[in-house]
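Here is how the chains run, residue by residue.
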Amino acid sequence: MKRIFLFLATNLAVMLVLGIASSVLGINRYLDAQGLNLGTLLLFSLFMGFTGAIISLLMSKPMAKWSTGAQVINGSTDPMHRWLEGTVARFAEKAGIDMPEVAVYDGEPNAFATGAFKNSALVAVSTGLLSSMTREEVEAVVGHEIAHVANGDMVTMTLIQGVLNTFVVFISRVVGYVVDRVILKNDKDAPGLGYMATTVVMDLLLGVVASMIVAWFSRQREFRADAGAAQLMGDRRPMMHALARLGGLEPGELPKTMAAMGISGRPSGLMALFSSHPPIEERIRVLQDAR
């Protein structure tokens, strides 16, 4: 319940801030008596599309800690924590990035990496993963998350999301204008009900398509992170063993904003098109076939 509340509250706050800012800047005045100003609409779409995604990226670390209850363990004297921190440090040095914050949170087997910048990231591992895997398998999972950081995946996904958000906002309002003025023949100065209704419907439909595209990019990114873990360890078998073990465990649920950064998921049927992770079996096969 806490995770859902934080997710909804954060998104509402971001949308409120964006709405006020766009009004102050005057870029929300793309529709007037003279028609649709495509240049202003493009500025509005870029602002709404990228600003929200960038704000979410900048807030990703504190939001991850709040929503999962992750506790940073850097400098801890606990033997398991010291080993985990040392593993992260070793892989971070090998990957050429600064030492991330390391955290542990209570939950079923899972792990994630997040942060706006490569050199100030957060790597978090669940207690369920630590207790259910061998140390070599945990190392492989940590290597996977470090590979995400080193590849700049958080920034890449933000840029992709921003581009798609921009297209959704722009196209939905252009279609809404055409429906309102051309099809429904609204000749009033203000946009009519046709514009409002069409824009909402198009936002939803195009948002679904955008989610599928983002999920596809995320799945490709998972294959790269698996390969990165194998490279960091100098052997692909530990990552394959870790994936096989995850395939027999129930992956821990992460907040929606963090799900794409987790180590595993269970896509099936039509929902596989919206999954941020490929099937475990396919990931193992790709590692096996790697040369």
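None of these values were measured; they are calculated from a predicted model.

Participant: Please give an account of the overall build of the protein chain that cites residues and values.
Facilitator: Each helix and strand in the protein chain was counted, giving ten helices and six strands. Here the protein chain holds 291 residues, and the buried ones make up 47% of them. Across the protein chain, the fraction of contacts at a sequence separation of at least 24, relative to all contacts at a separation of at least 6, is 68%. For the protein chain, the accessible surface area stands at approximately 14,600 Å², while carbon and sulfur atoms represent 64% of it.

Participant: Which residues make up the pairing of strand 5 (residues 111–114), and what values go with them?
Facilitator: Taking every second residue as pointing to the same face, both faces of strand 5 are buried, with A111 and A113 on one and F112 and T114 on the other. For strand 5 and strand 6 (residues 122–126), the ladder comprises four bridges, and the chain directions are antiparallel. Looking across to strand 6, one finds that A111 is bridged to V125.

Participant: An account of the nonpolar core is needed here, citing residue identities and associated values.
Facilitator: Ranked by internal contacts, the top residues of the largest apolar core, which has 37 residues, are L84, V125, L129, M133, V138, V142 and I146. Here this core gets six residues from one element, more than from any other, and that element is helix 6 (residues 135–150).

Participant: Run through the sheet that holds strand 5, naming residues and quoting values.
Facilitator: With mixed pairing, four strands are arranged side by side in an open sheet as 3-4-6-5. At either margin of the open sheet sits one strand with a lone partner, and together these are strand 3 (71–72) and strand 5. Judged from the five bridges that link them, strand 4 (residues 101–105) and strand 6 form a sheet pairing that is parallel. Across the sheet, residue A103 finds its bridge partner in strand 6, namely A124.

Participant: Please set out the packing of aromatic side chains residue by residue, giving values where relevant.
Facilitator: Applying the stated rule across the entire model yields three aromatic pairs. Here the aromatic rings of W216 and F217 are separated by 5.2 Å at their centres, their planes lie at 80°, and the arrangement is edge-to-face. By relative accessible area, which is 44% here, W216 ends up partly exposed. Given a relative accessible area of 35%, F217 falls into the partly exposed group.

Participant: Outline helix 7 (residues 153–183), listing residues and values.
Facilitator: The end-to-end C-alpha distance of helix 7, which contains 31 residues, comes to 43 Å, matching closely the 45 Å that a straight helix rising 1.5 Å per residue would cover. Following helix 7 by one or two positions, K185 adopts a phi angle in the positive range, close to 55°.

Participant: Got a sec to walk through the pairing of strand 6? Specific residues and values, please.
Facilitator: Here is the key point about a regular strand: its side chains alternate between the two faces of the sheet. With five of five residues buried, strand 6 lies mostly within the body of the structure. Residues L122, A124 and S126 line one face of strand 6 and the alternating positions V123 and V125 line the opposite face, and both faces are buried.

Participant: Give a description of the packing of helix 4 (residues 79–95) against helix 6 that names residues and reports values.
Facilitator: Two measures define how a pair of helices packs: the angle their axes make with one another and the distance between the axes. At a minimum axis separation of 9 Å, helix 4 and helix 6 run at an interaxial angle of 45°. Between helix 4 and helix 6, the crossing angle belongs to the class labelled oblique. Our pair here, helix 4 against helix 6, has a crossing hand that is right-handed. Only R135, V138, E139, V142, G143, I146 and A150 of helix 6 make contact with helix 4, whose side of the interface consists of M80, W83, L84, T87, V88, R90, F91, A92 and A95.

Participant: How would you summarise helix 8 (residues 193–233) if you had to cite specific residues and measurements?
Facilitator: Compared with the 60 Å implied by 1.5 Å per residue over 41 residues, the 59 Å span of helix 8 between its first and last C-alpha is a close match. G234 occupies a position one or two residues after helix 8 and carries a positive phi of about 75°.

Participant: Describe in detail the environment of D226, supporting the description with residues and values.
Facilitator: Positionally, D226 belongs in helix 8. In sequence terms D226 and V141 are 85 residues apart; their C-alpha atoms lie 8.6 Å from each other. Apart from residues lying up to four places away in sequence, D226 is in contact with H144, M239, L243, R283 and L287. A polar atom in the side chain of D226 sits 2.8 Å from the side chain of R283.

Participant: Can you explain the side chain of E222? Please cite residues and give values.
Facilitator: Here E222 shows up in helix 8. Of the residues examined, E222 reaches a relative accessible area of 0% and is grouped as buried. Engagement of the side chain of E222 in a polar contact is seen with the side chain of H148, the distance being 3.1 Å.

Participant: Tell me about the environment of F117, and please be specific about residues and values.
Facilitator: Here F117 lies in the loop between strand 5 and strand 6. The spacing of F117 and G152 is 35 residues in sequence and 7.7 Å in space, taken between C-alpha atoms.

Participant: Just give me the short version of a nonpolar patch on the surface, but keep the residues and values in it.
Facilitator: On the surface, a cluster of nonpolar side chains totalling about 360 Å² of accessible area is made up of V178, V182, I183 and L184. Of note, V182 is situated in helix 7. By relative accessible area, V182 is classed as partly exposed at 48%.

Criteria and thresholds
- Residues numbered from 1 in each chain as written.
- Predicted model: local features only at pLDDT ≥ 70, side-chain atom pairs only at ≥ 80, totals over all residues.
- Heavy atoms only, no water.
- Helix = DSSP H or I, 4+ residues; strand = E, 2+ residues; numbered from the N terminus.
- Buried < 20%, exposed > 50% of the residue type's maximum accessible area, 1.4 Å probe, protein only.
- Contact = heavy atoms within 4.5 Å.
- Areas by Shrake-Rupley, 256 points an atom, 1.4 Å probe, with all protein chains shown as cover.
- Pairing = 2+ DSSP bridges.
- Core = buried A, V, L, I, M, F, W, Y, C linked by side-chain atoms within 4.5 Å.
- Phe/Tyr/Trp six-rings, centres within 6.5 Å; stacked < 30°, edge-to-face > 60°.
- Expected span 1.5 Å × (residues − 1).
- Axes fitted to C-alpha atoms, helices over the stretch in contact; angles between N-to-C directions.
- Parallel < 35°, antiparallel > 145°, perpendicular 65-115°, else oblique.
- Left-handed = near helix turned anticlockwise from the far one by under 90°.
- Polar contact = N/O pair within 3.5 Å; in protein donor to acceptor, adjacent residues only side chain to side chain.
- Patch = residues over 30% accessible without salt bridge, like charges linked within 9 Å, V, L, I, M, F, W, Y side chains within 5 Å.
- Salt bridge = Lys/Arg side-chain N within 4 Å of Asp/Glu carboxyl O.

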